[in-house]
Amino acid sequence: AFPDLDWHFGSIGSFWETSYVRKGGCCCEANPPFSPGLMTKMVDHIHDQLNKADRLGTLLTFVVVVPTAGSGKDRVVQKAALNS
């Protein structure tokens, strides 16, 4: 949202518009707002990126920060992330 500030924290642009598949590999951190809908969309995007990396034989790792709250919607996101 603020590229002039975000680059100080290692941001390389919009999470949704960036391809993380790079020659030599890539390791990324995702710490999204803890909104179940947004987190589910994030898991789907990460799966797409990991599948693309696998097809191209490129290393790709995501470290994802998820909440530990126990509501039903949060559990769906946690299960999706754990099963990935």
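Look up: the structure comes first, before these words.
Small disclaimer: the values here were computed from a predicted structure and weren't measured. (Residues numbered from 1 in each chain as written. Predicted model: local features only at pLDDT ≥ 70, side-chain atom pairs only at ≥ 80, totals over all residues. Heavy atoms only, no water.)

Visitor: Before we go on, may I ask you to explain the state of the cysteines in this structure?
Guide: Disulfides are covalent bonds that link the sulfur atoms of two cysteine residues. One pass over the full model with this rule turns up zero disulfides. The thiol of Cys26 is not disulfide-bonded; the next cysteine sulfur, from Cys28, is found 3.3 Å away. Look at Cys28 and you get buried, because its relative accessible area is 11%. (Disulfide = S-S within 2.5 Å. Buried < 20%, exposed > 50% of the residue type's maximum accessible area, 1.4 Å probe, protein only.)

Visitor: Even after reading the chapter, I still don't get the nonpolar core, so can you show me in this structure?
Guide: What tends to happen in soluble globular proteins is that the nonpolar side chains get buried as a cluster. In terms of nonpolar packing, the biggest core is built from eleven residues, these being Tyr20, Val21, Cys26, Cys28, Ala30, Met42, Val43, Ile46, Ala53, Leu60 and Phe62. Elements supplying a minimum of two residues to this core: strand E1 (26-30), helix H2 (36-56) and strand E2 (60-64). Take this core: its biggest share by element is four residues, from H2. Setting aside its immediate chain neighbours within four residues, Ala30 contacts Met42, Val63, Val64 and Val65. (Core = buried A, V, L, I, M, F, W, Y, C linked by side-chain atoms within 4.5 Å. Helix = DSSP H or I, 4+ residues; strand = E, 2+ residues; numbered from the N terminus. Contact = heavy atoms within 4.5 Å.)

Visitor: What is the right way to read the environment of Gly57 from this model?
Guide: Along the polypeptide, Gly57 turns up in the loop between H2 and E2. The spatial distance from the C-alpha of Gly57 to the C-alpha of Val21 is 9.7 Å, given a sequence separation of 36 residues.

Visitor: Help me out: how do you make sense of the packing of aromatic side chains in this one?
Guide: Any aromatic ring pair is given by two values, namely how distant the centres are and how the planes are angled relative to each other. Per the counting criterion, the structure on display carries three aromatic pairs. Between Phe15 and Trp16 the ring centres are 4.8 Å apart and the planes differ by 85 degrees, which places this aromatic pair in the edge-to-face class. Residue class for Trp16 comes out partly exposed when judged on its relative accessible area of 34%. With 5.5 Å between their ring centres and 80 degrees between their planes, Tyr20 and Phe62 make a pair best called edge-to-face. Of the two residues, Tyr20 is situated in the loop between helix H1 (3-6) and E1 and Phe62 in strand E2; the sequence distance between them amounts to 42 residues. Each member of the pair Tyr20 and Phe62 is classed as buried. Members of the aromatic cluster, connected to one another through ring pairs, are Phe15, Trp16, Tyr20 and Phe62. Positioned above the aromatic ring of Trp16 is the side chain of Lys41, whose terminal nitrogen or guanidinium carbon lies 4.6 Å from the ring centre. (Phe/Tyr/Trp six-rings, centres within 6.5 Å; stacked < 30°, edge-to-face > 60°. Lys NZ or Arg CZ within 6 Å of the ring centre and 35° of its normal.)

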